[in-house]
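Here is what each chain is made of, one letter per residue.
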Amino acid sequence: MNQVSLQNAFVSYFHEHYLFDDFLSIHTNEHYTEIFYSKNTFSPSKKLKDFQKFLNLFIFESLPINHDIVFSYRKGVNAQDAISPHKNSKYILSTDIKSFFASIDTNKLKKLILNNKNNFLIVPIDIEKYIDAIMNITTYNGILPVGAPTSPAISNGYLFDLDNALQNYCLQNEIIYTRYSDDFIFSSGTREPLEKVLPVISDIFVSLGFDAFQLNESKTKIQQQGSKIVLLGLVITPQGYVTVDKNLKNEVEILLHFYLTDKEKFRDYFLKKFSSNIDKISGLLSHINSIDSYYIAKLKKKYGSFIVNSFIHRDIYNV
């Protein structure tokens, strides 16, 4: 691996679009807009977002991650991949962490970056030299902000030791474990091992220094095969097939039906459900296609490939 200085990487990445001094001295409090409907969610300015994307490429994408367990914020995998290992288990436990991003200890995060300085594309001496600038750009008011491009990759690296500890425990107790962001999924052929998992997670939090982490009891549940199981917004059918929720399918089919049979009803439904935003429909259909391509094939057979593809490719007005 050829490592470069932070300044040379910066100049190579941005050319003359930004100055390195701007990177070192940026006042991040002036570059965030709070998203009021979502707690601890902030939208960074274009400049700050560009700096964060730069740090992702040269630093944070090289943080360690347990690829056997983690399926969030990774190219080529999605929520379905986090769920599929559990589809044949009789019992499935799901839980998550309260205020996950805001509970990440920035001092512990700083140590994580320094401890992995030899693994980045930037020379280790510059990681040490500019660590405060790196922390300034990736944190806000002492927390890891939701909405910053750096936060997802950082969170995966931050939980590396936790993932390994939980994986070891689960392997010893015949439990399947996967994680998607702060959503933990465990499954087993019997209920008893899952009932013992929650105190184990809490003990591991303490032993690894994740003192601020607390499990969200209101979102903790054990589901049993034989009925519809809902995980990460997806569904495992009684037959063990992973698909999207029926409500999403109904929305899509109503939309396609109205488009073919009654343009006035289509426009009303389109405006009500999607605020006349074709990107939302396209994104929804693309999401469904990534999870259940068989269902998209059924839609094409029922409503016509041309119509379905036109929605997916944001081209309905030319149909």
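Since this is a predicted model, take the numbers as computed values, not measurements.

Enquirer: Looking at this structure, how should I read the overall build of the chain?
Expert: Tallying secondary structure elements over the chain gives 16 helices and 9 strands in all. By its C-alpha atoms, the chain is 65 × 55 × 40 Å across when sized along the principal axes. Taking all 319 residues of the chain together, the buried fraction comes to 47%. For the chain, the proportion of contacts with a sequence separation of at least 24, taken over those separated by at least 6, is 69%. Distance between charge centroids for the chain: 7 Å, based on 34 positive and 33 negative side chains.

Enquirer: What's the story with the packing of helix H12 (residues 246-261) against helix H14 (residues 278-291) in this structure? I'm lost.
Expert: Two numbers describe a pair of packed helices, the interaxial angle and the distance between the axes. It is the contact of H12 with H14, at a shortest axis distance of 11 Å, that shows an interaxial angle of 125°. As far as their axial angle goes, H14 and H12 are oblique. Where H12 crosses over H14, the two elements pack in a sense that is left-handed. Counting all contacts with H12, which are made through Leu248, Glu251, Val252 and Leu255, the residues of H14 involved are Ile281, Leu284, Leu285 and Ile288.

Enquirer: I keep staring at the sheet that holds strand S5 (residues 183-188) and nothing clicks. Help me out?
Expert: By definition, the strands of a sheet pair up through backbone hydrogen bonds, in either a parallel or an antiparallel sense. What the 4 strands build is an open sheet, ordered S4-S5-S3-S6; its pairing is antiparallel. Looking at which strands have only one partner, the edges of the open sheet turn out to be strand S4 (176-180) and strand S6 (221-224). When strand polarity is set aside, the average angle formed by the axes of neighbouring strands in this sheet is 20°. With 6 bridges joining them, strand S3 (residues 91-96) and S5 adopt antiparallel strand pairing. Bridged to Ile92 within S5 is Ser187.

Enquirer: Before we go on, may I ask you to explain the packing of aromatic side chains in this structure?
Expert: The geometry of an aromatic ring pair comes down to the distance between the two centres and the angle between the two planes. The full count for this structure, using the stated rule, is 33 aromatic pairs. Both rings, one in Phe266 and one in Phe311, keep their centres 6.1 Å apart while their planes meet at 75°; by these two values the pair is edge-to-face. Here Phe266 is found in helix H13 (residues 263-274), whereas its partner Phe311 is found in helix H16 (residues 305-312), with 45 residues between them in sequence. The exposure classification of Phe266 matches that of Phe311, with both residues buried. Across from the ring centre of Tyr295, 4.6 Å away, lies the NZ or CZ of Lys249, which sits over that ring. Across the ring face of Tyr259, the terminal group of Lys263 is positioned such that the distance to the ring centre comes to 4.3 Å.

Enquirer: What should I look at first to understand the pattern of salt bridges in this one?
Expert: Pairs may arise between side chains of opposite charge once their charged atoms sit close together. This model, assessed by the stated rule, comprises 10 salt bridges. Lys196 is the salt-bridge partner of Glu192, the closest N and O atoms lying 3.5 Å from each other. Look at Lys196 and you get partly exposed, because its relative accessible area is 46%.

Enquirer: How should the sheet that holds strand S7 (residues 229-231) be read in this particular structure?
Expert: The antiparallel open sheet is built from 3 strands, whose spatial order is S7-S8-S9. Unpaired on one side and paired on the other, S7 and strand S9 (242-244) mark the two borders of the sheet. Here the average twist between neighbouring strands, direction ignored, is 35°. Relative to S9, strand S8 (residues 234-236) is paired through 3 bridges, and the arrangement is antiparallel. Of the residues in S9, the one forming a bridge with Leu234 is Val244. Running at roughly 170° to S9, H14 makes contact with S8 and S9 of the sheet.

Enquirer: Whenever I open this one, the pairing of S4 confuses me. Can you help?
Expert: Within a regular strand, side chains alternate between the sheet's two faces. Summarising the sheet, S4 and S5 pair through 5 bridges and their orientation is antiparallel. Counterpart to Arg179 in the pairing with S5 is Phe184. Counting the residues between successive antiparallel strands, the hairpin from S4 to S5 contains 2 residues, one of them, Ser181, with a positive phi of roughly 60°.

Enquirer: When you look at the environment of Leu299 in this model, what are you seeing that I'm missing?
Expert: Following the sequence through the fold, Leu299 ends up in helix H15 (residues 293-303). As a C-alpha pair, Leu299 and Val197 span 102 residues in sequence and 41 Å in three-dimensional space. Setting aside chain neighbours within four positions, we find Leu299 in contact with Val252, Glu253, Leu256, Leu285, Gly304 and Val308.

Enquirer: How should helix H8 (residues 150-158) be read in this particular structure?
Expert: Three- or four-residue spacings in an α-helix give side chains the same orientation, since the helix completes a turn every 3.6 residues. Of all 9 residues making up H8, 8 are buried, and the element is well covered by its neighbours. Every buried residue of H8 is listed here: Thr150, Ser151, Ala153, Ile154, Ser155, Asn156, Gly157 and Tyr158. Contact partners of the buried residues in H8: helix H3 (46-58), helix H5 (106-115), helix H7 (131-138), helix H9 (160-172) and S4.

The rules behind each value
- Residue positions within a chain follow its written sequence, with the count starting from 1.
- Under the rules for a predicted model, residues below a pLDDT of 70 receive no local features and side-chain atom pairs below 80 are neither given nor counted, while totals for whole chains, interfaces and linings still include all residues.
- Values reported for side chains reflect all heavy atoms of the structure, with hydrogen atoms and water molecules removed beforehand.
- Numbering of helices and strands starts at the N terminus; helices are DSSP runs of H or I of at least 4 residues and strands are runs of E of at least 2.
- Each residue is placed in one exposure class: buried if its accessible area under a 1.4 Å probe, protein chains only, is under 20% of its type's maximum, exposed if it is over 50%, and partly exposed if it falls in between.
- Note on contacts: a residue pair is in contact if any heavy atoms of the two residues lie within 4.5 Å.
- Only four residue types enter the tally: Lys and Arg on the positive side, Asp and Glu on the negative side, with His and both chain ends excluded.
- In plain terms, the charge of a residue is placed at NZ if it is Lys, CZ if Arg, CG if Asp and CD if Glu.
- Orientation is described by axes fitted as lines to C-alpha atoms, over the contacting stretch for helices, and by angles from 0 to 180 degrees between their N-to-C directions.
- Angle categories are assigned with fixed cut-offs, so that under 35 degrees is roughly parallel, over 145 is roughly antiparallel, 65 to 115 is roughly perpendicular, and the rest are oblique.
- Two helices cross in a left-handed way if the nearer one is turned anticlockwise from the farther one by less than a right angle. They cross in a right-handed way if the turn is clockwise.
- Being paired, for any two strands, means DSSP has found at least two bridges between them.
- Planes of paired rings set the category: under 30 degrees apart is stacked, over 60 is edge-to-face and the rest tilted, where pairs are Phe, Tyr or Trp rings (Trp by its six-membered ring) whose centres lie within 6.5 Å.
- Only Lys NZ and Arg CZ are tested; either one counts as a charge over a ring when it is within 6 Å of the ring centre and within 35 degrees of the ring normal.
- The working definition used for a salt bridge is a side-chain nitrogen of Lys or Arg within 4 Å of a carboxyl oxygen of Asp or Glu.

The quantities given are spatial measurements derived from coordinates; they are silent on function.
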